[in-house]
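# Topology and contacts: notes
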Amino acid sequence: MTMKKALLFFMILLLASCATMSMQKREVSRAMVKLGMEKVAKNDLQGALIDFKKAEDANPYDPEVYYGLSLTYRQWGKPQLALDYVEKAIRYGNKLGFEHPGMKSEAYNLKGDILSGLKRYDEALDNFKKALKDDFYTTPEFTLYNMAVIYMIQDKIDDAQASLNTALTKNSHYAPAWLLVGKINGQKGSNAQAISALKHALLEFPEFTEAHWELALIYIKTEDYKSAAKHLYEVVRLDKDGPFGKRAQRTLNDMGAYGD
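Keep in mind the model is a prediction, meaning the values are calculated, not measured.

Conventions used here
Residues numbered from 1 in each chain as written. Predicted model: local features only at pLDDT ≥ 70, side-chain atom pairs only at ≥ 80, totals over all residues. Heavy atoms only, no water. Helix = DSSP H or I, 4+ residues; strand = E, 2+ residues; numbered from the N terminus. Expected span 1.5 Å × (residues − 1). Buried < 20%, exposed > 50% of the residue type's maximum accessible area, 1.4 Å probe, protein only. Arc of directions from axis to C-beta. Contact = heavy atoms within 4.5 Å. Phe/Tyr/Trp six-rings, centres within 6.5 Å; stacked < 30°, edge-to-face > 60°. Lys NZ or Arg CZ within 6 Å of the ring centre and 35° of its normal. Lys, Arg positive; Asp, Glu negative; His and termini not counted. Salt bridge = Lys/Arg side-chain N within 4 Å of Asp/Glu carboxyl O. Core = buried A, V, L, I, M, F, W, Y, C linked by side-chain atoms within 4.5 Å.

## Considerations on helix H13 (residues 243-255)
For H13, spanning 13 residues, the distance from its first C-alpha to its last is 18 Å, which sits close to the expected 18 Å at 1.5 Å a residue. Taken together, the buried positions of H13 are Gly245, Ala248, Gln249, Thr251 and Leu252. Seen end-on, H13 carries its buried residues on one side only, within an arc spanning 165 degrees. Among the exposed residues of H13, those pointing more than 90 degrees away from its buried face are Pro243 and Asp254. The inward-facing, buried residues of H13 abut helix H11 (209-221) and helix H12 (225-238).

Below you can see the structure in the form of structure tokens.
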């Protein structure tokens, strides 16, 4: 074997070894990220933090690790740390390729959501728009909905409606978008359209508390108290001790349709 062929053979072995090592690291970090995400869902933030930090030690180039850390700190009420980690998720977002298409867009969406919570709305919108640039992003309706929420805060109702229309074109089963369409139409006084949109939200998600509440308000406005009571009872059932449930109880009491 010539020196040139030997060097080429060595390089091939080295690349194969690196790829195997990278796959092994990913297997470890992926399992830890899964555990961390489950703990975030249960609000066990310290437990999640431990899992994500272990995953970072095992694989410091895994964007899912930093996405998980950002989620944890956002839920913990530490937005600056959340922003620091989501930047890393964006930086390494393309590392997973087709194993997790649209990872970078998900990170941009999370960054926009964090910035929105800080009322940095223009920066949030910039990041949402970056999220939508990737054709492989699998959940663009989430980002379009988030944009619509900001447009409503900014009193740009036409822009909000346009974003929601696009979101529902991407995914007609996305109940939060139908809810917001219903609320916009309710504010405009387009009661029939509001009722239709809110019913669509409930068709997709029958236990959508806020949709029941908004539908009850529209029915009260149109003096259809029987239909209003039906949805208020659902709000009480779904959120008895929560803010919507308590408001629904008071409303039913005022209507004379609810007893202690």
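## Some details on the packing of aromatic side chains
In the structure shown here, the tally under the stated rule is 10 aromatic pairs. Between Tyr61 and Tyr92 the ring centres are 5.5 Å apart and the planes differ by 90 degrees, which places this aromatic pair in the edge-to-face class. Linking Tyr61 in the loop between helix H2 (45-58) and helix H3 (63-75) with Tyr92 in the loop between helix H4 (79-91) and helix H5 (103-117), this pair joins segments that are 31 residues apart in sequence. Its end group placed over the ring of Trp76, Lys78 keeps NZ or CZ at 4.7 Å from the ring centre. Here Arg91 stacks its cationic end above the ring of Tyr92, 5.7 Å away from the centre of that ring.

## As for the side chain of Glu141
Relative to the helices and strands, Glu141 resides in helix H7 (residues 140-153). The side chain of Glu141 sits in the buried core without any salt bridge; Lys170 is the nearest counter-charge, 8.2 Å away. Aside from chain neighbours lying at most four places away, what touches Glu141 is Ala167, Lys170, Asn171 and Tyr174.

## Observations concerning the nonpolar core
By size, the foremost hydrophobic cluster in this structure holds 60 residues, and its most contacted members are Tyr67, Leu69, Leu164 and Phe208. With 7 residues, the top contributor of residues to this core is helix H9 (residues 175-188). Setting aside residues up to four positions removed in sequence, Tyr67 forms contacts with Met37, Ala89, Met103, Glu106, Ala107 and Leu110. Formed by 8 residues, the second largest nonpolar core is a distinct cluster that contains Ala229, Leu232, Val235 and Val236.

## Things to note about the environment of Ala148
Looking at the secondary structure, you find Ala148 in helix H7. Between the alpha carbons of Ala148 and Ala192 there is a distance of 21 Å; along the sequence they are 44 residues apart. Residues contacting Ala148, with those up to four places away along its chain left out, are Ala160, Ser163, Leu164 and Leu180.

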